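# Observations on the model geometry
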Amino acid sequence: MKAVRFALLRHGVTEWNAQKRIQGHSDISLSTDTVASYRKLRLPDVWRSVPWYCTPLSRTRETADALSITPVSPEPALIEMNWGQWEGRRLPELRAELGDTMRENEDRGWDFRPDGGESPRDVLQRVEGFLHRSPVPEFGAITHKGVIRAVYAAAKPWNMMGKIPDTLDWQRLHVFEWNEKDGFSVSELNVPLIAVSGLNDV
């Protein structure tokens, strides 16, 4: 029976994150302040010796570079949820504009779907497809909030409606396990990165 243990870390903050804009597949780079702050951090020792992946979007590669994670392999299955026509928009604006239609969509939980985009269920299916074909039993990945939320929801389990059961710190690692028989489970949440003193921001 195949089993995989993996750590997920969300990419650092972009200008769109700061503006609370939906990014999805839009390729937005990290802010310069984020790069500088991540250069002062490193992975916990236990996760430094495993293979690491990022997604095709530059913000994940830039996060890996700032944390001195190398080598890093791109993996399309771990890309953020596609938000279709809503990318670049803000959720409060969409809720005000779409009214009941938006509320009904959000109440679908796993099957919430932006116009022209993916659902969280779609995201989880492609992540699970990658786990089925993973060449290693343990790895780390720089990925996206939507991916981590989908994996977390499957592991709890949580129907993605109402308040999330745990507080997830998006600047920390979240560790999960998966096997072909039982699916996803939570191993450890909110594992801190390590501050490294004396590093130059160059």
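The present account deals with the structure reproduced in this document. From a predicted model like this one, the values you see are computed outputs, not experimental measurements.

## Section: the environment of Ala154
Structurally, Ala154 is set in helix 7 (residues 145-155). Between the C-alpha atom of Ala154 and that of Cys54, which follows or precedes it by 100 residues, the distance is 21 Å. Not counting the four nearest positions on each side in its chain, Ala154 is found in contact with Trp110, Leu124 and Phe184.

## Quick notes on the packing of aromatic side chains
The relative placement of two aromatic rings is captured by the distance of their centres and the angle of their planes. The final tally for this structure, using the stated rule, is 10 aromatic pairs. Relative to Phe184, the ring of Phe6 has its centre 6.5 Å away and its plane inclined at 80 degrees; by these criteria the two rings are edge-to-face. Separated by 178 residues along the polypeptide, Phe6 in strand 1 (residues 3-10) and Phe184 in strand 7 (residues 183-192) bring together distant segments of the chain. Phe184 matches Phe6 in its accessibility class, with the two residues each being buried. Grouping aromatic residues by their ring pairs yields a cluster made of Phe6, Tyr53, Phe130, Phe139, Phe176 and Phe184. The lysine or arginine in question, Arg10, covers the ring of Trp170, its NZ or CZ lying 5.9 Å from the ring centre.

## Details of the nonpolar core
Phe6, Leu131, Phe139, Val151 and Phe184 are the most contacted members of the largest nonpolar core, which totals 35 residues. For this core, the secondary structure elements donating two or more residues are strand 1, helix 6 (120-133), strand 5 (138-143), helix 7 and strand 6 (172-179). The leading source of residues in this core is helix 7, at 7 residues. Setting aside its immediate chain neighbours within four residues, Phe184 contacts Phe6, Leu124, Glu128, Leu131, Val151, Ala154, Ala155, Glu177 and Trp178. Counting residues in each nonpolar core, the second largest holds 20 residues, with Ala7, Leu43, Ala64 and Val191 among its members.

## Structural notes on the environment of Ser29
Within the fold, Ser29 resides in the loop between helix 1 (15-18) and helix 2 (32-38). Exposure remark for Ser29: the relative accessible area of 35% places this residue in the partly exposed category. A distance of 3.0 Å separates the side chain of Ser29 from the side chain of Glu62, its partner in a polar contact.

Cut-offs used in this document
- Residues numbered from 1 in each chain as written.
- Predicted model: local features only at pLDDT ≥ 70, side-chain atom pairs only at ≥ 80, totals over all residues.
- Heavy atoms only, no water.
- Helix = DSSP H or I, 4+ residues; strand = E, 2+ residues; numbered from the N terminus.
- Contact = heavy atoms within 4.5 Å.
- Phe/Tyr/Trp six-rings, centres within 6.5 Å; stacked < 30°, edge-to-face > 60°.
- Buried < 20%, exposed > 50% of the residue type's maximum accessible area, 1.4 Å probe, protein only.
- Lys NZ or Arg CZ within 6 Å of the ring centre and 35° of its normal.
- Core = buried A, V, L, I, M, F, W, Y, C linked by side-chain atoms within 4.5 Å.
- Polar contact = N/O pair within 3.5 Å; in protein donor to acceptor, adjacent residues only side chain to side chain.

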